[in-house]
Amino acid sequence: MSKAEESVSWVVYKMTVANKPEGMNAVCEQREWDAMELARPGYHTLIRAHITDEAEAEKLARGTSGDPIPRQPARL
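Residues numbered from 1 in each chain as written. Predicted model: local features only at pLDDT ≥ 70, side-chain atom pairs only at ≥ 80, totals over all residues. Heavy atoms only, no water.

Novice: Could you give me a rundown of the sheet that holds strand β1 (residues 10-17), with the residues and numbers involved?
Specialist: Consider a sheet: its strands pair through backbone hydrogen bonds, and that pairing is either parallel or antiparallel. An order of β2-β1-β3 is seen for the three strands of this open sheet, with the pairing classed as antiparallel. Only two strands of the sheet have a single partner each, and these edge strands are β2 (20-29) and β3 (45-51). In this sheet, adjacent strand axes meet at a mean angle of 20° when their direction is disregarded. In this sheet, β3 lies alongside β1 in antiparallel orientation, the contact comprising four bridges. Directly across from Trp 10, in β3, lies its bridge partner Ile 51. On the sheet, helix α2 (residues 30-39) packs against β1, β2 and β3 and is oriented at approximately 130° with respect to β2. Against the sheet, helix α3 (residues 54-62) engages β1, β2 and β3, with an angle of about 175° to β2. (Pairing = 2+ DSSP bridges. Helix = DSSP H or I, 4+ residues; strand = E, 2+ residues; numbered from the N terminus. Axes fitted to C-alpha atoms, helices over the stretch in contact; angles between N-to-C directions. Contact = heavy atoms within 4.5 Å.)

Quick look at the structure:
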């Protein structure tokens, strides 16, 4: 793993979306979040920063969406 790959960290944030008051979760690299915050401070809501694993960030952003549906045992 190169040094550039080692230093990448991820951010999960709630994206502000028109006509959707609850917003939606999104993932980006820490440097992208820093640039967005610099351009429009407070526009999006930070959920968690400095996540070292992209898969972990994606799972956090997704929440339970995409999880398998629990199956009930068949009735006899």
